[in-house]
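Breakdown of the fold
Letter by letter, the chains look like this.
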There are 2 protein chains.
Amino acid sequence: MNCITHLSPGLWRYPNDESLRYKDIEYWQNIAKIAEKGLFDAIFIADVLGVYELYQNNDINALAYAVQTPVNDPVQLAAIGAAVTKNLGFGITAGVPFEHPFPFARRLSTLDHLTKGRVGWNIVTGYLPSANKNMGTKELPHDERYEVADEYMEVIYKLLEGSWEDDAVILDRQSGKFANADKIHHIGHKGKYFEVPGIHVCEPSLQRTPVLFQAGNSPRGLQFAAQNAEAIFISPMTKEYTKTAVKRVREALIKAGRDPYSAKIYVLACVVTDQTQRLAEAKYKDLLRYVNEEGSLVLNSGWLGEDLSKYNLDQPLTQIKSNAMLGKVEEYTHSKTDDGKEWTLRELIKVGGIGALGQKIIGGAKEVADTLEELVNEADADGFNLAYATTPGTFEDIVEFIVPELQKRGVYQEEYAQGTLRNKLFGKGDRLPNSHRGAKYRVGGELSSINDYANTGRKY
Amino acid sequence: MNCITHLSPGLWRYPNDESLRYKDIEYWQNIAKIAEKGLFDAIFIADVLGVYELYQNNDINALAYAVQTPVNDPVQLAAIGAAVTKNLGFGITAGVPFEHPFPFARRLSTLDHLTKGRVGWNIVTGYLPSANKNMGTKELPHDERYEVADEYMEVIYKLLEGSWEDDAVILDRQSGKFANADKIHHIGHKGKYFEVPGIHVCEPSLQRTPVLFQAGNSPRGLQFAAQNAEAIFISPMTKEYTKTAVKRVREALIKAGRDPYSAKIYVLACVVTDQTQRLAEAKYKDLLRYVNEEGSLVLNSGWLGEDLSKYNLDQPLTQIKSNAMLGKVEEYTHSKTDDGKEWTLRELIKVGGIGALGQKIIGGAKEVADTLEELVNEADADGFNLAYATTPGTFEDIVEFIVPELQKRGVYQEEYAQGTLRNKLFGKGDRLPNSHRGAKYRVGGELSSINDYANTGRKY
């Protein structure tokens, strides 16, 4: 996230941590360079627009402890990183409620042009009520947010996939014709929430639609992800629950009429590593000293949809009447820690104070690589969404210790695949596969709605 | 503009012109580097969202001849250019109708953070009807667009100037406190068009409010510019009318209660130069061969608010019943060419086909420098908004031939001034001056509306 220590409240105070420099171009370019050095597929910039104000029913602690506030625009980081890398992808988060799809489609195309097809879009529907208040819009019921998102995607697909045909740009220097206007179509969209009659104002980029990321975890959210996403983030806290969580996504993909492996499933993990297991454990202990408990309570209150100041920290999680906005409590209360104990709120706050509520993998190269392999092999996951404890620190350690170990085992790429981010991930070309929902909006596709206003002379 | 040859339709075909590369990071970084080499104050990225469809009542010619379509997002170019420069400013255009002020304020702060205070914002109210149609909003009457823009600016000022006090960020490592929440205020905005109760989600950037650019030319537009802008673009076509146009802006500033020199006035000019006057004239003639007449008719129809396909090209301009959306026809019909003749449509299309409808200054270093000095000294202008015929080409020529000549005459900077773009331009610090409208929205200012919801525990 374009903020101070995204998922590790208080860790900005750790020696040599530079996350206060999130306002500097060089800070982000350094992160991009280390990620590319480690042959990471992409860096992923999360986002919230709004403030966490559920804890103690105000925003004071979020502001005091810099809990994902201040938070800058994520969109502007992709091109900065692309300028100093050749292969790294950039997953950018943007929220459906915060920008109309017509100008937003232009932002996506611009991102994909500037990065030469290395961009992904993490689609969010917005979960902080404070953001809606500031947009002057009333907060929609959870499931209706996904109805809006469904139509929003329809508009995006029509613009990115359906407006310009592949051979629209002709570059005829003699006649001066840049394009054949007959191949640039008015999408003629008229729906319940949006009306967009015109053309997409950008020429097609390499991927057209960026690689689509999603993290919906509620039943309706998962349905949306299964219909649209090509990469799905999950954040199970235990190995055991990871199996369940992956299976749930694969089944949702099948239910949506897709191949269960047509979307990559990435497990949120925070890796703390060093030359030996002992050193890694010492590092983790040291990191924990800098976690800000108030900050962690603010964050976790937001994630659980419940003001945690009302609870005794030593209560078991089963006692918390959570709204379960991210489906978290269901998961926690159905699982024990890997030691077989029941989670308490205090444990949650502590563990969740470094790299958020996902896998915590602490050890030397061997131990970490073993766990990562287990999660991929036994739980059927495709890879990891790595949270940092400190930056620099976490990513540098992974690149130094873990990547070579995984390469030695033959389970990690030795070089980048060719082409766009989509081709690197799936090896099947730059564009959305024909089987994807978005492809149906192409010219000639079953959901195409193009309307060139033949009777009115191509005027909107 | 983030498009192919912004103001010179057809010139993308000129030998060695690279404007088809507008999709590449390196293309924009090269432009930034040459501008900084020439000690330009800033590069200015214009924008339209929508298609020029007035000419022949359709969008076919705009698309065929790449007339400001395709057009990519301008916002993403600033940080790219800032990454390879140290002093150059970046003026970014964004339209009030196309993004809600709450998320847009975040984009502005992010731009100013990433560029370290080198950003300007060109405020536009949108003039292409096709853009509004695609936003699902009805087109507002011209003057009401400025009423919306007035309130939009109010929200922006409240967020950027009034939400965070200067000493809000405390960075107390001991207590873990990043900020003193008591110094971060809810702006409590409730207006006719917008309701934004909360805080600004970004910490203050060096300039807080970016340097404000405007180009409003209608009476209502000029009033808006005079109340808000720190740099005002004008585009008189003759030297004589430049005096009138500058005087009109200075008087509007006085009427708005401001010092007539508190905003810089920049004259649109396209300079074609070379080692000698003769070579420059030959170059201009050669450039004219590549102008696309259809493209120029499309552009000028949009600017004049009139379908020029209905007219005989050899008619004098006085015959055109223009809506004068940019106030252009009034200007043309009140002025003769510098040769004393009345403008015809054909002349307008030809001259306006290279670098648009502003000054056309053709000559060797001496002739061009003489004209630039005259415009500054006699017409009381502050500087120039330089349009390009080709890129690379126009800017490189100016840096090679004109800048050294102006420096020799002692009328051009030898090095950049220190600090932010605002300080470089005015030498009076990084922030809006206290006399500016925006400063009145600061905490304690006469227009501050902060509302920290004391009775409701700081919740929105």
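Residues numbered from 1 in each chain as written. Chains lettered and ligands numbered in written order. Predicted model: local features only at pLDDT ≥ 70, side-chain atom pairs only at ≥ 80, totals over all residues. Heavy atoms only, no water.

Per an unreviewed UniProt entry, chain A is named LLM class flavin-dependent oxidoreductase, and its organism is Campylobacter cuniculorum. Check the Sequence similarities (unreviewed entry) section of the UniProt entry for chain A; it says "Belongs to the NtaA/SnaA/DszA monooxygenase family." (UniProt positions renumbered as here; feature names shortened; annotations may be inferred.)

On to the environment of Lys133 of chain A. In this structure, Lys133 of chain A sits in helix 5 (residues 129-135). A relative accessible area of 40% places Lys133 of chain A in the partly exposed class. (Helix = DSSP H or I, 4+ residues; strand = E, 2+ residues; numbered from the N terminus. Buried < 20%, exposed > 50% of the residue type's maximum accessible area, 1.4 Å probe, protein only.)

Another point: the interface of chain A and chain B. Each partner contributes residues to the interface: chain A has 82 residues there, and chain B has 82 residues. When chain A packs against chain B, close to 7,300 Å² is buried across both sides, 57% of that on carbon and sulfur atoms. Note that Lys116 of chain A and Asp24 of chain B form a salt bridge whose closest N and O atoms lie 2.6 Å from each other. The interface formed by chain A and chain B holds 34 residue pairs in polar contact (both at pLDDT 80 or more) in total. Within the residue set of the side of chain A that touches chain B, elements represented by two or more residues are helix 1 (25-37), helix 2 (60-64), helix 3 (77-82), helix 4 (101-114), helix 5, strand 4 (169-172), strand 5 (177-179) and strand 7 (195-196) of chain A. In terms of residue count, helix 4 of chain A provides more of the side of chain A that touches chain B than any other element does, eight residues in total. Residues belonging to the side of chain A that touches chain B are distributed by class as follows: 41 nonpolar, 22 polar and 19 charged. (Contact = heavy atoms within 4.5 Å. Buried area = accessible area lost by both parts, 1.4 Å probe. Salt bridge = Lys/Arg side-chain N within 4 Å of Asp/Glu carboxyl O. Polar contact = N/O pair within 3.5 Å; in protein donor to acceptor, adjacent residues only side chain to side chain. Nonpolar A, V, L, I, M, F, W, Y, C, P; charged D, E, K, R; others polar.)

Attention now moves to the relation of the copies chain A and chain B. With an axial shift of 0.0 Å and an RMSD of 0.0 Å, the rotation relating chain A to chain B amounts to 180°. In symmetry terms, the pair is related by a two-fold rotation axis. The share of interface residues of chain A whose copies in chain B are also at the interface is 100%, consistent with both copies meeting through the same surface. (Least-squares fit on C-alpha atoms with pLDDT ≥ 70 in both.)

As enumerated under the stated definition, the model contains zero disulfides over all chains in all. With no disulfide of its own, Cys270 of chain B lies closest to Cys3 of chain B among cysteine sulfurs, the gap being 15 Å. (Disulfide = S-S within 2.5 Å.)

Counting residues in each nonpolar core, the largest one holds 253 residues, and the members touching the most others are Trp121 and Ile402 of chain A together with Trp121, Ile354 and Ile402 of chain B. Once residues lying within four places of it in the same chain are set aside, the contact partners of Ile354 of chain B are Leu7, Ser8, Leu11, Cys270, Tyr284, Leu287, Leu288, Val291, Lys360 and Ala389 of chain B. (Core = buried A, V, L, I, M, F, W, Y, C linked by side-chain atoms within 4.5 Å.)

Quick look at the packing of helix 7 (residues 219-228) of chain A against helix 8 (residues 239-255) of chain A now. The description of two packed helices rests on the angle between their axes and on the distance between the axes. Residue and element names in this part refer to chain A. Remark: helix 7 packs on helix 8, axes separated minimally by 8 Å, with the N-to-C direction vectors making an angle of 60°. In terms of their interaxial angle, helix 7 and helix 8 are classed as oblique. Seen from above, helix 7 lies across helix 8 with right-handed handedness. On the side of helix 7, the interface is formed by Pro219, Leu222 and Ala226, while helix 8 contributes Arg248, Val249, Ala252 and Leu253. When its residues are assigned to classes, the contact of helix 7 with helix 8 shows six nonpolar, no polar and one charged. (Axes fitted to C-alpha atoms, helices over the stretch in contact; angles between N-to-C directions. Parallel < 35°, antiparallel > 145°, perpendicular 65-115°, else oblique. Left-handed = near helix turned anticlockwise from the far one by under 90°.)

A word on the environment of Val272 of chain B. All names here are of chain B. In this fold, Val272 is placed in strand 10 (residues 264-273). Classification of Val272 as buried rests on a relative accessible area of 3%. It is 7.8 Å that separates the C-alpha atoms of Val272 and Asp397, two residues lying 125 residues apart in sequence. Among all residues touching Val272, those that are not within four sequence positions of it are Ala280, Lys283, Tyr284, Leu287, Ile361, Ile362 and Gly363.

This part covers unusual backbone geometry. As a rule of thumb, non-glycine residues mostly have phi less than zero, and peptide bonds are mostly trans rather than cis. All names here are of chain B. Cis peptide bonds are those with omega within 30 degrees of zero, and the linkage from Thr69 to Pro70 qualifies with -5°. Mapped onto the elements, Pro70 comes out in the loop between helix 2 (60-64) and helix 3 (77-82). A cis amide bond links Thr391 to the next residue, Pro392, at an omega of -5°. Within the element layout of this structure, Pro392 appears in the loop between strand 12 (383-387) and helix 14 (394-408). Its identity is not glycine, yet Arg208 carries a phi of approximately 55°, on the positive side. Examined against the element boundaries, Arg208 turns out to sit in the loop between strand 7 (195-196) and strand 8 (211-214). Judged by relative accessible area, which is 5%, Arg208 ranks as buried.

Scanning all chains against the criterion turns up 28 aromatic pairs over all chains. An aromatic cluster is defined as three or more aromatic residues linked by ring pairs; in this entry it consists of Phe44, Phe213, Phe233 and Tyr266 of chain A. (Phe/Tyr/Trp six-rings, centres within 6.5 Å; stacked < 30°, edge-to-face > 60°.)

To continue, consider the confidence of the model for chain A. Summary statistics for chain A give a mean pLDDT of 91 and a share of 93% for residues scoring 70 or more. The complex model carries a pTM of 0.95, and its ipTM stands at 0.95. (pLDDT = per-residue confidence, 0-100.)

Right, let's get into the environment of Thr69 of chain A. Counting through the fold element by element, Thr69 of chain A comes out in the loop between helix 2 and helix 3. Judged by relative accessible area, which is 0%, Thr69 of chain A ranks as buried. Those residues within four positions of Thr69 of chain A in sequence are excluded, and the remaining contacts are Gly50, Val51, Ala62 and Leu63 of chain A together with Ile199 and Val201 of chain B.

Here we come to helix 7 of chain A. All names here are of chain A. When you tally the buried positions in helix 7, you get seven out of ten residues, the bulk of the element. Every buried residue belonging to helix 7 is among Arg220, Gly221, Leu222, Phe224, Ala225, Ala226 and Asn228, and all of these are buried. Buried-residue contacts for helix 7 involve strand 3 (119-124), helix 6 (142-162), strand 8 (211-214), strand 9 (231-234) and helix 8.

The next thing to look at is the pairing of strand 10 (residues 264-273) of chain A. Residue and element names in this part refer to chain A. When you tally the buried positions in strand 10, you get nine out of ten residues, the bulk of the element. Two strands pair when backbone bridges link them, and strand 9 and strand 10 are joined in this way by four bridges, in the parallel orientation. Looking across to strand 10, one finds that Phe233 is bridged to Tyr266. Once you follow strand 9 into helix 8 and on to strand 10, the crossover reads as right-handed. Summarising the sheet, strand 10 and strand 12 (residues 383-387) pair through five bridges and their orientation is parallel. Paired with Val267 across the bridge in strand 12 is Phe384. Both strand 10 and strand 11 (residues 359-363) contribute to a ladder of five bridges, which runs parallel. Bridge pairing in strand 11 places Ala269 opposite Gln359. (Pairing = 2+ DSSP bridges. Right-handed = clockwise from strand over helix to strand, strands pointing away.)

Another point: empty space enclosed by the protein. Scanning the entire structure with this criterion turns up four cavities of 30 Å³ or more. As for the largest cavity, its lining consists of 15 residues, and the residues nearest its centre are Ala94, Phe98 and Glu99 of chain A together with Arg106 and Arg107 of chain B. Residues of the lining of the largest cavity, tallied by class, amount to seven nonpolar, two polar and six charged. (1 Å grid on protein atoms, 1.4 Å probe; cavity = no way out; pocket = protein on both sides within 12 Å on 5 of 7 lines; lining within 4 Å. Points joined across faces, edges and corners; volume = space filled by probe spheres on them.)

Okay, the pattern of salt bridges next. Tallied over the full model, the rule gives 62 salt bridges over all chains. Asp382 of chain A is the salt-bridge partner of Arg250 of chain A, the closest N and O atoms lying 3.1 Å from each other. Taken as a pair, Arg250 of chain A in helix 8 and Asp382 of chain A in the loop between helix 13 (365-379) and strand 12 lie far apart in primary sequence, 132 residues in all. A salt bridge links Asp397 of chain B to Lys283 of chain B, with the shortest nitrogen-to-oxygen separation between them at 2.6 Å. With Asp397 of chain B in helix 14 and Lys283 of chain B in helix 9 (residues 277-288), this residue pair connects regions lying 114 residues apart in the sequence. In the salt-bridge network here, residues are joined through shared partners; they are Asp73, Glu99 and Arg107 of chain A together with Asp73, Glu99 and Arg107 of chain B.

We now examine the side chain of Ser301 of chain B. All names here are of chain B. Examined against the element boundaries, Ser301 turns out to sit in helix 10 (residues 293-304). For Ser301, a relative accessible area of 0% corresponds to the buried category. Within the structure, the side chain of Ser301 is placed 3.1 Å from the backbone nitrogen of Leu308, a separation counted as a polar contact. In contact with Ser301, other than residues within four places in its own chain, are Leu54, Tyr55, Glu306, Asp307 and Leu308.

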